[in-house]
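If you want the building blocks of each chain, they are given just below.
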Amino acid sequence: MTKNAPVRPGISPSPKQLAAIKSLLFVLALLPFARIVWLIVQQVPVEPVEFVTHGTGDWALYLLCATLAITPLRRLTGWNWLIRLRRMLGLYVFFYALMHFLTFLWADHQFDVGAMWKDVLKRPFITVGFIAFVLLLPLAATSTNAMIKRLGRRWAQLHRLIYVIAPLAILHYWWMKAGKHNFEQPIVWGTVVAVLLGLRVYWSWSRSRSPATSRSVT
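Numbering of residues starts from 1 in each chain and follows the order in which that chain's sequence is written. pLDDT decides what is reported in this predicted model: residues at 70 or higher carry local features, side-chain atom pairs at 80 or more are listed and counted, and totals for whole chains, interfaces and linings draw on all residues regardless. Excluded from the side-chain calculation are hydrogens and water; included are all heavy atoms of the structure.

Notes on the environment of Leu102
Line of reasoning, step 1. For helices the rule is a DSSP run of H or I covering at least 4 residues; for strands it is a run of E covering at least 2, with both sets numbered from the N terminus onward. Mapped onto the elements of the fold, Leu102 is located in helix H3 (residues 83–109).
Line of reasoning, step 2. The classification of residues rests on relative accessible area computed with a 1.4 Å probe and restricted to protein chains. Under 20% of the type maximum is buried, over 50% is exposed, and intermediate values are partly exposed. Overall, the relative accessible area of 31% leaves Leu102 in the partly exposed class.
Line of reasoning, step 3. When the C-alpha atoms of Leu102 and Lys22 are compared, they prove to be 27 Å apart, with 80 residues separating the residues in sequence.

A short note on the layout of surface pockets
Line of reasoning, step 1. Put simply, the grid is 1 Å and covers the protein atoms alone, a cavity is a trapped set of points that fit a 1.4 Å probe, a pocket is an open set with protein on both sides within 12 Å along at least five of seven lines, and lining residues have an atom within 4 Å of a point. Grid points are joined across faces, edges and corners, and a volume is the space filled by probe spheres set on the points. Considered as a void within the structure, the largest pocket measures approximately 930 Å³ in volume.
Line of reasoning, step 2. Lining of the largest pocket is provided by 31 residues; of these, Thr67, Arg86, Trp155, His159 and Ile162 occupy positions nearest its centre.
Line of reasoning, step 3. Broken down by secondary-structure element, the contributors of at least two residues to the lining of the largest pocket are helix H2 (48–77), H3, helix H5 (124–141), helix H7 (153–158), helix H8 (162–178) and helix H9 (184–217).
Line of reasoning, step 4. With nine residues, H3 is the single largest residue contributor to the lining of the largest pocket.
Line of reasoning, step 5. All amino acids are sorted into three groups, where Ala, Val, Leu, Ile, Met, Phe, Trp, Tyr, Cys and Pro are nonpolar, Asp, Glu, Lys and Arg are charged, and the leftover types, Gly among them, are polar. For the lining of the largest pocket, the per-class residue count stands at 16 nonpolar, six polar and nine charged.
Line of reasoning, step 6. Its boundaries defined by the atoms lining it, the second largest pocket holds a volume of some 750 Å³.
Line of reasoning, step 7. What lines the second largest pocket is a set of 33 residues, and nearest its centre among them are Thr53, Gly57, His100, Phe125 and His172.

Let's talk about the packing of aromatic side chains
Line of reasoning, step 1. Pairs were defined over the aromatic rings of Phe, Tyr and Trp, the Trp ring being its six-membered one, requiring ring centres within 6.5 Å. Orientation was assigned from the angle between planes: stacked under 30 degrees, edge-to-face over 60, tilted for the rest. Scanning the model with the defined rule gives 15 aromatic pairs in all.
Line of reasoning, step 2. Here the aromatic rings of Trp59 and Tyr62 are separated by 5.1 Å at their centres, their planes lie at 80 degrees, and the arrangement is edge-to-face. Here Trp59 pairs with Tyr62, and both are found in helix H2, just three residues apart, close to one helical turn.
Line of reasoning, step 3. Given the relative accessible area of 34%, Trp59 is considered partly exposed.
Line of reasoning, step 4. Taken together through their ring pairs, the aromatic side chains of Phe26, Phe33, Tyr92, Phe95 and Tyr96 make up a single cluster.
Line of reasoning, step 5. If you follow Arg75 out to its NZ or CZ, it ends over the ring of Trp203, 4.2 Å from the centre. Remark: a charge is flagged as sitting over a ring if the NZ atom of Lys or the CZ atom of Arg is within 6 Å of the ring centre and within 35 degrees of the ring normal.

This is the structure:
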């Protein structure tokens with residue numbers, strides 16, 4: 001008889017400790033952007049626009065993976081309090097993706113939306129990146145307590161878009177790196193996303209099989 005293993009109980013921080021963890025996470029997630037700004041002000045990068053574009057895009061992907069990792073970590077460790085960090089991480093994903101998009105719109109097209117749209121339709125790697133960014137918009141817009149309460153169960157359904165956004169982000173990253181024949185990082189982060197999404201598929205499949213298995217054994 002096969003059953004899903006329950007989430008193991010874990011240590012829960014006190015409200016003050018959780019507030020301190022959130023504050024630390026807030027600062028840590030902001031540090032990469034602060035570093036980007038500092039280096040630009042100091043005129044360190046040889047190609048500042050490319051530096052900002054790649055830096056913000058990379059950190060949007062890293063934090064997207066961190067957001068997706070919350071649920072597996074919670075299930076494997078029993079640290080249910082980790083779920084309290086997911087919204088902040090998700091909003092930082094949007095922040096870095098927004099900076100990535102604005103850099104593209106400003107530096108490459110001088111805020112010419114028409115020219116930008118032609119570029120989006122012309123180059124596939126920009127197309128999938130733009131789609132991923134657009135799909136992030138409703139997630140960011142509904143990340144307040146009021147919207148969570150208003151949407152109810154539909155909120156969770158809407159935020160499953162992250163499972164579409166993640167593969168699109170990897171595809172965008174892959175095609176962007178393919179132009180320079182650099183596949184090492186896309187393979188690494190593609191594998192990370194595949195594992196994180198694969199765990200969810202496995203757990204969902206296990207849940208769907210559990211009742212049927214129980215009846216057949218009985």
